[in-house]
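# Overview (structure and organization)
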Amino acid sequence: MNVEHIGLYAGDSEALADWYRETLGLRVVGRIEKPGRPPVVFLQGAEGAVLEILPTAVGPSPSVEVDRRGFTHLGLPVVDFEKEKTRLAERGVDVWGVRSTSNGWMIGYFRDPEGNVLELVQR
């Protein structure tokens, strides 16, 4: 079995999809558009699961902490942690909680414009 996609509800699905495209380099691999409704946008990197961004009118959830139960973050593999951290900083993205794990990985967290937590990981 594989993970095929991850669903992410957003107050502004189009704007959030644009941020993932422009900031993280994901590409649009599909769209569902219905008259009078914001689009559902499907994004993907070079490989891996698809990120499905769906519109919602429900308000934001309380701040998500990375150590609570349940889904907490989306992991993004990178080849050069420091280079990616610097690139994100140039785009106004603050990477926090940076550390080397006990198995030698480098990790750090940041939030998308709607407050969802993402993790950079260099294994």
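On to the side chain of Glu84, then. For Glu84, the location among the structural elements is in helix H2 (residues 81-90). Residue classification places Glu84 among the buried positions, given a relative accessible area of 19%.

Spatial ordering of the open sheet is given by E5-E8-E7-E6, a layout of four strands whose pairing is mixed. Because the sheet does not close on itself, it has two edges, and the strands there are strand E5 (74-77) and strand E6 (96-100). With direction set aside, neighbouring strand axes in the sheet form an average angle of 20°. Relative to strand E8 (residues 117-122), E5 runs parallel, the two being bridged by four bridges. From the neighbouring strand, Leu76 faces E8, where its bridge partner is Leu120. Each of E6, strand E7 (106-111) and E8 touches H2; the most contacted strand, E8, lies at about 145° to it.

This part takes up the layout of surface pockets. In this structure, the second largest pocket encloses a volume near 540 Å³. Lining of the second largest pocket is provided by 22 residues; of these, Leu26, Gly45, Glu47, Leu76 and Pro77 occupy positions nearest its centre. Those elements giving two or more residues to the lining of the second largest pocket turn out to be helix H1 (13-24), strand E3 (40-44), strand E4 (50-55), E5 and H2. It is E5 that contributes the most residues to the lining of the second largest pocket, four residues altogether. In terms of residue class, the lining of the second largest pocket is built from 14 nonpolar, five polar and three charged.

This paragraph deals with the side chain of Ser13. Following the sequence through the fold, Ser13 ends up in helix H1. A polar contact of 2.6 Å, which involves the side chain of Ser13, links it to the backbone oxygen of Pro39. In this structure Ser13 touches Pro38, Pro39, Ile53, Leu54 and Pro55, once residues within four positions along its chain are discounted.

The next subject is the packing of aromatic side chains. Following the criterion strictly, the structure yields two aromatic pairs and no others. Note that Arg123 overlies the ring of Trp105, its terminal NZ or CZ placed 4.1 Å from the centroid.

Our focus in this paragraph is the pairing of E6. Side-chain positions along a regular strand alternate between the two faces of the sheet. Sheet topology note: the E6/E7 ladder contains three bridges and is antiparallel. When the sheet's bridge partners are listed, Arg99 is paired in E7 with Ile107. From the end of E6 to the start of E7, which pair antiparallel, there are five residues, and Gly104 there has a positive phi angle of about 90°.

Before going further, it helps to examine the nonpolar core. In summary, soluble globular proteins display a tendency toward joint burial of nonpolar side chains. Membership of the largest hydrophobic core comes to 21 residues, with the highest contact counts inside it found for Tyr20, Leu24, Leu43, Ile53 and Phe110. When contributions to this core are tallied by element, the ones reaching two or more residues are strand E1 (5-10), H1, E3, E4, H2 and E8. Here this core gets five residues from one element, more than from any other, and that element is H1.

Rules used in this analysis
- Residues numbered from 1 in each chain as written.
- Predicted model: local features only at pLDDT ≥ 70, side-chain atom pairs only at ≥ 80, totals over all residues.
- Heavy atoms only, no water.
- Helix = DSSP H or I, 4+ residues; strand = E, 2+ residues; numbered from the N terminus.
- Buried < 20%, exposed > 50% of the residue type's maximum accessible area, 1.4 Å probe, protein only.
- Pairing = 2+ DSSP bridges.
- Axes fitted to C-alpha atoms, helices over the stretch in contact; angles between N-to-C directions.
- Contact = heavy atoms within 4.5 Å.
- 1 Å grid on protein atoms, 1.4 Å probe; cavity = no way out; pocket = protein on both sides within 12 Å on 5 of 7 lines; lining within 4 Å.
- Points joined across faces, edges and corners; volume = space filled by probe spheres on them.
- Nonpolar A, V, L, I, M, F, W, Y, C, P; charged D, E, K, R; others polar.
- Polar contact = N/O pair within 3.5 Å; in protein donor to acceptor, adjacent residues only side chain to side chain.
- Phe/Tyr/Trp six-rings, centres within 6.5 Å; stacked < 30°, edge-to-face > 60°.
- Lys NZ or Arg CZ within 6 Å of the ring centre and 35° of its normal.
- Core = buried A, V, L, I, M, F, W, Y, C linked by side-chain atoms within 4.5 Å.

It is worth stressing that arrangement in space is one thing and function is another; only the former is reported here.
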